[in-house]
Amino acid sequence: MKEESKDTTNHYKEKIALDEKLSSSKTFLYGLQHVCVSNVWLDPIFVAAMIGLPLSQSANIVSAIFIVAGLVTLIQATKLVKLPIVQGPSAAFDSVMIAAGKANGLAAASGGIFLSAIIVFVLSITGIIGRLKSLFTPVISGTVIFLVGISLSEFTLSEFLGGAPGDESFASPSTLTLSITTSLIVLSLSLFGKGLWKSFSFLIALVVGDILAIMLGKADFSLIESKPWFGIPQFLPYGNLTFQWEAFLTFFVVYIVAIIEAMGVYQASGEMLNTEINKKRIRNGFAGEAAGSFLSSLIGGFPTTAYAQNVGLLRLTGVASRYPVMVAGGIFLLFGFFPKIGALLALTPAPIVGGIFLPAAATLVSTGISILTKVENTDKNYLIIGLAVLLALSLPHYCGNIDGILGTMLSNSLLIGAFTTIFLQLILITIPNKLKRGRLE
């Protein structure tokens, strides 16, 4: 049954409801659209390339990520969090995985992920993480989701513009032709299209962009040739798990970043769908993500988290059903076991990926702002938001050369913003309010 939001303050109008079943063809195409927007394949390809892994291990890490993303997406959408949220590798782990790989420490990295996942799983099933929901006031959840959108912008614009200044492809006519065309199609169909044109705006833009890329000679078919037809991820591909205290702490800190990001994504999806994100949903969601990360560490991947860009897709297309997300999970599994098929996604040039991501990232920024409009009009709230955003956007530029755990924390804008809002919320509002109530009693 089709529903519309009853909340007049929320400009997102749900057109295809959370539990609405669609025809098989529409469900498949909507699921494929989620797959194309999710970008699951880019992180493992990027990490493997930066480390310089041999072909066999590169193929293994990509297959591992696809399989874990597929399993967790399926289980989350059907049994656990029951939201239309796609799961995939957290970009927060890219830099630490690359650093570990270059230092021949991937076995220790897998050990750190393994132990972190166990700890988070225990915290989830015992309900401790669920109690953190009370911390995520509109001040915190709005700021976090706003920063998630901002954090996606650097990657998105790099893809959109074809790299960085000085690169041969940077802002070249062919690059801008692909990226601008793709974005214009998404924006035009999402904002002015109706029916299937609006619902499939991202998929249509991807197809048109790929056809244009082939015409311009920008599609690279070599990756397909290098992939096997069938593959199963190797168990412990980097050797037996090793546990190093510093490696564990580094990965655990980054894992906290992924948890904060996922919490913000849950809140954003609930905001869009007018669905309560209760303690049970949070408990189930993080237990599922931790179990997936646990498995991923054993077959050479890295942790999965809820993908924010797919939440942006919900707002722009109005398709909120979780059934296409289940199909997306099945497609990920197919790609995991048949790498040559999965490599088809890698044919899409970076400017087209950036063109698709740009509207999705912008939607996340606006969603964060929408949540922040619900914040109570007080000087303390405005100070918390302003200081958190200021530090999150500025501090990482001055801390990029700091090594170790401190460097990991101070170079991550999302972590800085989240911890700043939580700390200031506790110091300026939560604790004083509790003390005041205690005195009154």
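Heads up: these notes are all about the structure in this document. Model, not experiment: these values are computed from the prediction.

Reading the values: rules and limits
- The residue numbering used here restarts from 1 in each chain and proceeds along that chain's sequence as written.
- Reporting in this predicted model follows two pLDDT cut-offs: at least 70 for local features of residues, and 80 or more for side-chain atom pairs to be given and counted; totals over whole chains, interfaces and linings ignore these cut-offs and use all residues.
- The side-chain figures draw on all heavy atoms in the structure; neither hydrogens nor water molecules are used.
- Helix numbers and strand numbers start at the N terminus; a helix is a DSSP run of H or I with at least 4 residues, a strand a run of E with at least 2.
- For a compact globule the rule gives 2.2 Å times the number of residues to the power 0.38, and the radius of gyration it is set against comes from C-alpha atoms.
- A 1.4 Å probe rolled over the protein chains alone gives each residue an accessible area, and that area as a share of the maximum for its type sets the label: buried under 20%, exposed over 50%, partly exposed in between.
- Between the first and last residue of a helix there are one fewer steps than residues, each counted as 1.5 Å, and that sum is the expected span.
- In this analysis the local bend is the angle between axes fitted, respectively, to the seven residues ending at and the seven residues starting at the residue.
- Patch membership needs two things, relative accessible area over 30% and no salt bridge, and members are linked within 9 Å if like-charged or within 5 Å if nonpolar (Val, Leu, Ile, Met, Phe, Trp, Tyr).
- Note that accessible areas follow from Shrake-Rupley with a 1.4 Å probe, and for residues the cover is restricted to the protein chains shown.
- Each reported salt bridge corresponds to a side-chain nitrogen of Lys or Arg within 4 Å of a carboxyl oxygen of Asp or Glu.

**Quick look at the overall build of the protein chain**
Link 1 in the chain: Secondary structure assignment for the protein chain yields 19 helices and two strands.
Link 2 in the chain: Here the C-alpha atoms of the protein chain give a radius of gyration of 21 Å, agreeing with the 22 Å that 2.2 N^0.38 yields for 441 residues.
Link 3 in the chain: Counting only C-alpha atoms and orienting by the principal axes, one finds that the protein chain spans roughly 70 × 55 × 45 Å.
Link 4 in the chain: Out of the 441 residues in the protein chain, the part that is buried amounts to 56%.

**What to know about helix H5 (residues 106-125)**
Link 1 in the chain: The end-to-end C-alpha distance of H5 is 28 Å, a good match for the 28 Å that 20 residues give at a rise of 1.5 Å each.
Link 2 in the chain: Directly beyond the C-terminal end of H5, a positive phi value near 85° is found at Gly 127.

**A short note on helix H16 (residues 350-372)**
Link 1 in the chain: Taking 1.5 Å per residue as the helical rise, H16 with its 23 residues ought to reach 33 Å, and the 32 Å between its terminal C-alpha atoms agrees with that figure.
Link 2 in the chain: In the structure, H16 departs most strongly from a straight axis at Phe 357, where the bend amounts to approximately 30° and where the proline Pro 359 lies between one and four residues downstream.
Link 3 in the chain: In terms of burial, H16 is largely enclosed, as 18 of its 23 residues are buried.

**As for a nonpolar patch on the surface**
Link 1 in the chain: Judged by side-chain polarity, Leu 71, Ile 75, Leu 115, Ile 118, Phe 121, Val 122, Ile 125, Phe 243, Phe 294 and Leu 295 come together as a nonpolar surface patch covering roughly 780 Å² of accessible area.
Link 2 in the chain: Looking at the nonpolar patch, the elements with two or more residues in it are helix H3 (55-78), H5 and helix H12 (279-298).
Link 3 in the chain: Examining the composition of the nonpolar patch, we find that five residues originate from one element, H5, more than from any other.
Link 4 in the chain: With respect to the element layout, Phe 121 can be found in helix H5.

**Here we look at the pattern of salt bridges**
Link 1 in the chain: Taken as a whole and judged by the stated rule, the model has two salt bridges.
Link 2 in the chain: Across the pair Asp 19 and Arg 322 runs a salt bridge, and its minimum N-O distance is 2.6 Å. Here Arg 322 lies in the loop between helix H13 (308-317) and helix H14 (323-337) and Asp 19 lies in the segment before helix H1 (24-38), a separation of 303 residues in the sequence.
Link 3 in the chain: Residue class for Asp 19 comes out partly exposed when judged on its relative accessible area of 46%.
Link 4 in the chain: With a relative accessible area of 10%, Arg 322 lands in the buried category.
Link 5 in the chain: With its nearest N and O atoms 2.8 Å apart, the salt bridge here joins Glu 271 to Lys 374.

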